[in-house]
Structures are given as C-alpha cells and as structure tokens.
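Letter by letter, the chains look like this.
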Amino acid sequence: QALKLSPPYNFAAILQPFYQERSAEELATATITIRGPFDDTILQILQTSAEQTLKAFCEEGSALIFTELEVQTSGVGNRILTLEFQILPKSINGGGDCAWELQQAAEGRDAGPFVECDDCPDKKPVIRRAILNQLQMYALSRNVPVDNWYMKMFSIYCRRLEVVMPTGFKAPMTLKDYRCEDFFPEGTRYPPADSVSTSLAPAVTGTTTTKDTGVSTGNLCSWIRDACICATVSKCSWLPDGNGIGHCVQVAMSPTYEQRCETCPTLPECPSDPVKECPLALSICACSLLSAGCNWTVDEGRCFGPPSGPSGVPCALCPFAVESCPLPRIVSVSPRFGGDLGWDGGDYDINLTFDQPVRFPNNADPVQGEMVIGCKLQEGQFLPLEAPANRRVNFVIQVPINKRVMLSDRVVQIPLGTEQFWARYECRLNVTRGAVIGLDESVPNLETRNHVVFISDNVPPMGLQFSPRLADANVDLGTTVATVTMSEPWYLMIQQAELWRLKTNAGPDAYEKVSTLLMEATETGEDVEQLRIPLGPLAPDTLFSIVIPAGAMVDRSNNNFTGLEVGEWAFRTDVATELVEALDEGLSPG
C-alpha cells in the first residue's frame, strides 16, 4: 500500500481557515523506516504512534503532513513500514531548527543491542524511545515485543518547497533567508537485510544551521520541546522557568519515576489517568486508542478526559476507519489457562468473554475468522485401541458458527460435551481475527492464540472381551471364573455382581437370581487389568447371565462403567456328561 502526494504540499487541508495561499517555505523533511513482525492492527496503531510523536517535535503549532506511506513484506515474515513526512514550522525560517531537532532524535543504533547511555554512538535513539513508548501506551499494543524491531530515521533535510497554506498561518516576511542545510546525505531507501545493523554517529558537529537556533549543541536536552520526548532521555527533566513555562533541561540526577509521570502521564509505566492522559493525544486516532475515558471535540480538535459523564470517541471519525477502531478482544476465558474441562463431573464448555458487545460474522463481513481447538495426547496417558482415527494422538476440532452459542452480547460459548475424548488431552484454543464482529462498529475481533486447557476423558470404560463369550452356547461345566478385559485402566468401586438364570419352561426374559458374586482385579502386569469373577458350580444346560451394576468401575477421569443388565452377558452351559452317555446308549442299534 502506498500513499503518494506531489508538491505543492497542501497544508491548508489540515489547517484552518481554508483561505489558501501559495508560498515558498522552509520545510523539515525526513523518512522513518520500521521493520518488525506486526499485524494489521499493530500497523495502524504504529502509524498513529508515529504521528503523535512527530507532532511533538519542532515548535508548537507546526503542521505535520505525511507525503508517502508504504508497507512491504520481507522474506522472513517481517513487515516494513516507511513513512515520509514534512513539517512546516510556525515561525519564519524554522525549517533548519526543526531538521536539526530531528537529527538529534535520530542519533544512535537502528537496531539492538543498545548501550544504556544518553550520548554515545550505540545508544537507543530518542525517536525510537518516543514512538515505542507511544505504541506501548495503548491497551491494544501494550504487550507487543518491540526490542528486536528495526527503526531508523534518515534523509533528514531542510528544503525550500512551494506549499499551500491557510492565509495568515505565518506572519508576512520582508526578507526571506533560505540558507537551511541538508543534514544527512541521501541514505538507502529501505533498511538492509535483517541481520545487518548500523550505528548513526552525528553527521556534523556544532550547530548545523546558519540561523540562531536558540539551542545549545553541547546540551543533551535543550533541543527537546516536548515533555514526553524529554522523559525518554534519562538525564533530562521537564522544569518550569521563572514564568512557569516548561523546558527540557539537563540535570545531574535522573528524575524519579513519580517526576516523569507527573510531566508525561502517558509513559507506559505510569498509572492510567484519563484526565491527565487524554489532553496529550494530538489526533483523533490517538484519542480513540488512548482510553475509553477520552472524548474528542470535533470543533476544537482537542482530546480531553471528563471527570464524569459520557465518554468515548466514535472510531468512524478516525481517518484510519475500521483498522483503528477499538477491536473486540477476549478479556477472560473459562476455564482459565491450564484449567480442566470435564474433570470430576465438570462440564465441557469453554466460555469467552469480550470487552464489548459482539455478534457472529455473516456473508456481508469481509473478514470471517475461525475458532479452532488443536489437541494432543497428554504425556503418559493411556489411549484405548478402540479410539477412532480422528481422536488419537493429535487432532483438530473446528468450531463453526453453528456450534458456537451466544450466551449474552459479550459471552460466547464453545460447547464440547458432544465430542468424544478417549483420554486426557492438552488442547490449545485459537480464535482468529473475525471469528466475532464488534456490534457497534462492525469491526473484527483481535486474534487470540494458544489458550491452553486440559480436556479429560469422557468415554466410560467398556468391556472388550468376555469369558465366557457373549451368547456362548457350549460353556464347559468346569468353568469356575468369568473374566472381562476392559478398554482402559480402571478402579473397582463395587465388588458385588450377580448370577442369574433363565427359569425352566419360562419365557425368554424370565430370569431369577441365583447368587451374589464377588469381583476382583487380576494382576497381569498389563496396563489394563482384567476383571475377575469367581462363579462356583454351574448347572448343566442352563442359560446364565452375569449382572454388573452401573458404577462398579471408574476410569482415571471418574467416568462410570455403564453396567450390564440381565441378559446382556448371557451364556448356556453344556449338557451333563452322564445325560449325553445315556442318550447315546438309548439311541444305539440292537
């Protein structure tokens, strides 16, 4: 994406009143390149942070305009943001002073590691500190890792260009002095390869403009005109002069945490206070991102934090439109990170709570995200051989819209009770951008990755092999023990089973109880022990059934064995040997 403007630069479009005049003026011009693995949301906030920071440079009342904005993707997953801008100073011949300030702010390394110092070639540049402080001030980008980002401000010039200004923006000049200088030679347009880093030592020494700058090049702080820029330099402090006007001055001892927060309450480490923070936002986008307690006055172009009453900035007013709106984000997940689903009779529902009212996407929404749960078998867990292919060591559960439940306008439920889990799994919930849509502004949610929950086995233990076999019609009368091979490890909770038999000359369901049996676990050395049931003597030619009550066994996740009713495990014994021999003799010839 690229936005390109051609001279004459129309500052009248961003300044009032709209009576225009053309004039040749001294402008400070520069380019900033930032490279890092930022997504679309952070990209938009980064642009707002750069705008907010650059408006703090040069004299109060200067006009900032971006002449080019370009976004590229590098070959290693990073994105490159290039911002080319012009600053039109308010005072006559202020371009040289402004460019000199930008040069001071650019000095240092363009990527880490940095040396913790205020005046050495490998220091962290002031422009980097200021922009990243601004980025981390906003809630949506507060925790973005930025230490490895590349950032460089280069091609810093003072140029004479024809511009379009509102009438009366500057006082008439009887004598114009266009002796502003180029401060940096033309540099590379884009940053070097990801592995390359450079240091920028000052290109010149002493004052770099022929005009009286009003600042001292030997002072680390006198060139800084903004309290928050001043707070980025450890040996600088924002102090009032005799008239109560604040200035950035060099001090022997670094200001305390409280002192810095008093002069610049928007530093990331300072406690949030909308009344103090909001007036420091210089644009509608910065105001909307800063706090829900900030208001924006369209007529005055001012951000403020009222102590009470209505608050909030309609994000539709922000020039970045949808991308700069406060996107819905997940503020809590139940169960918590590392929590359990289904343990000890618990439910199998995941509940997501958002920070604003949301809805599910429809066909008209340009972004339609997914909810996906990726699971893997927890180490050391027993997996039954009967588990289906889509529920073994690794599998993915897709959660389409028809499987999501809207519990309220802010709470979305993912019910998993109908899914089968044959062991204990470690699962990660991924909610991609656009899985839900903000109800107020129709903006997609921020993505959430790798929320871990553990899902317990919800498949009860099952009998796989029976001895005697089910419906066996020739069970030896010498059989004294019945056994059941279970599907998974289990614990015996009820020891008593029952032996029933079919009544003589009765219907197929006319069973009567014969005896009570005692069950026990065998010690086979296998992962899954057999259930052993001593039987005692069996009558010949009789249909028997062994009854095992529900809950007699549980697995490691407290799933109860469903039990065996009368007739489910049935078998018939052989005819007695004496009777067989008598029948044989009676049927023999002679």
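Everything in this summary refers to the structure shown in the same document.

Topic: the sheet that holds strand β32 (residues 543-547)
Point 1. On the basis of which strands lie adjacent, the open sheet formed by 5 strands has the order β25-β34-β32-β28-β29 and mixed pairing. At either end of the open sheet lies a strand with only one pairing partner, and these are β25 (472-475) and β29 (511-518). Neighbour-to-neighbour, the strand axes of this sheet turn through a mean angle of 30 degrees, independent of strand direction.

Things to note about the pattern of salt bridges
Point 1. This model, assessed by the stated rule, comprises 14 salt bridges.
Point 2. Between R79 and D40 there is a salt bridge; the shortest N-O distance is 2.7 Å. Placement of R79 in strand β5 (residues 79-88) and of D40 in helix α1 (residues 40-54) is noted, with a sequence separation of 39 residues between them.
Point 3. Here D122 ties to R109 by a salt bridge, and the two come within 3.7 Å at their closest N and O atoms. Taken together, the positions of D122 in the loop between β6 (108-109) and α3 (126-135) and R109 in strand β6 put the pair 13 residues apart, joining distant regions of the chain.
Point 4. You can call D122 partly exposed: its relative accessible area is 28%.

A few points about a nonpolar patch on the surface
Point 1. On the surface, a cluster of nonpolar side chains totalling about 300 Å² of accessible area is made up of Y491, M493 and I494.
Point 2. By secondary structure assignment, the location of I494 is in the loop between β27 (491-492) and β28 (496-502).

Details of the state of the cysteines
Point 1. In total, this model carries 6 disulfides according to the counting rule given.
Point 2. With its sulfur 1.7 Å from that of its partner, C58 forms a disulfide with C98. Taking the torsion about the S-S bond as the criterion, the C58 to C98 disulfide, at about 75 degrees, is right-handed. You can see C58 sitting in the loop between α1 and β4 (63-73) and its partner C98 sitting in helix α2 (residues 95-106), a full 40 residues away along the chain.
Point 3. Note on C98: relative accessible area 1%, which makes it buried.
Point 4. Disulfide pairing is shown between C375 and C427; the S-S distance is 2.1 Å. Handedness of the C375-C427 disulfide follows from its S-S torsion of about 110 degrees: it is right-handed. Remark: C427 occurs in strand β21 (residues 425-431) and C375 occurs in strand β17 (residues 371-377); sequence separation between them is 52 residues. The pair formed by C375 and C427 is uniform in burial state, with each residue classed as buried.

Here's the deal with α2
Point 1. The end-to-end C-alpha distance of α2, which contains 12 residues, comes to 17 Å, matching closely the 16 Å that a straight helix rising 1.5 Å per residue would cover.
Point 2. Where burial is concerned, most of α2 is hidden: 12 out of the 12 residues are buried.
Point 3. Residues of α2 that are buried: G95, G96, D97, C98, A99, W100, E101, L102, Q103, Q104, A105 and A106.
Point 4. Trailing α2 by a residue or two, G108 shows a phi angle of about 130 degrees, which is positive.

Description of the packing of aromatic side chains
Point 1. Inspection of the entire model under this criterion finds 7 aromatic pairs.
Point 2. Consider the rings of F395 and Y425, whose centres lie 4.9 Å apart with planes at 80 degrees: the pair is edge-to-face. With F395 in strand β18 (residues 394-398) and Y425 in strand β21, the pair connects residues that are 30 residues apart, well separated along the chain. One exposure class covers both F395 and Y425, and it is buried.
Point 3. In this structure an aromatic cluster arises from ring pairing among Y348, F395, F421 and Y425.
Point 4. Of note, K152 hangs over the ring of F154, and the distance from its end group to the ring centre comes to 5.6 Å.

Observations concerning the nonpolar core
Point 1. Core analysis: the largest hydrophobic core is formed by 63 residues, its most contacted members being F57, F85, L102, W149 and M153.
Point 2. Residues V333, I350, F354 and F421 belong to the second largest nonpolar core, which totals 33 residues.

Some words on the sheet that holds strand β15 (residues 349-354)
Point 1. The strand order β13-β15-β20-β19 describes an open sheet built from 4 strands, whose pairing is antiparallel. Of all the strands in the sheet, the pair left with one neighbour each is β13 (330-334) and β19 (405-406).
Point 2. Across 4 bridges, the pairing between β13 and β15 is antiparallel. Pairing of V333 across the sheet is with L352, part of β15.

Description of α1
Point 1. The end-to-end C-alpha distance of α1 is 21 Å, a good match for the 21 Å that 15 residues give at a rise of 1.5 Å each.
Point 2. With 14 of its 15 residues buried, α1 lies for the most part within the structure.
Point 3. Of the residues flanking the start of α1, the one acting as N-cap is D39, its side-chain oxygen 2.9 Å from the backbone nitrogen of I42.

Points about the environment of L429
Point 1. Relative to the helices and strands, L429 is located in strand β21.
Point 2. A relative accessible area of 3% places L429 in the buried class.
Point 3. The sequence separation of L429 and V333 amounts to 96 residues, and the corresponding C-alpha distance is 10.0 Å.
Point 4. Once residues lying within four places of it in the same chain are set aside, the contact partners of L429 are I350, L352, V372, I373, I414, T448, R449, N450 and H451.

About the thresholds
Residues numbered from 1 in each chain as written. Predicted model: local features only at pLDDT ≥ 70, side-chain atom pairs only at ≥ 80, totals over all residues. Heavy atoms only, no water. Pairing = 2+ DSSP bridges. Helix = DSSP H or I, 4+ residues; strand = E, 2+ residues; numbered from the N terminus. Axes fitted to C-alpha atoms, helices over the stretch in contact; angles between N-to-C directions. Salt bridge = Lys/Arg side-chain N within 4 Å of Asp/Glu carboxyl O. Buried < 20%, exposed > 50% of the residue type's maximum accessible area, 1.4 Å probe, protein only. Patch = residues over 30% accessible without salt bridge, like charges linked within 9 Å, V, L, I, M, F, W, Y side chains within 5 Å. Areas by Shrake-Rupley, 256 points an atom, 1.4 Å probe, with all protein chains shown as cover. Disulfide = S-S within 2.5 Å. Expected span 1.5 Å × (residues − 1). Phe/Tyr/Trp six-rings, centres within 6.5 Å; stacked < 30°, edge-to-face > 60°. Lys NZ or Arg CZ within 6 Å of the ring centre and 35° of its normal. Core = buried A, V, L, I, M, F, W, Y, C linked by side-chain atoms within 4.5 Å. Polar contact = N/O pair within 3.5 Å; in protein donor to acceptor, adjacent residues only side chain to side chain. Contact = heavy atoms within 4.5 Å.

Remember that the coordinates give geometry; whether it matters functionally is a separate question.
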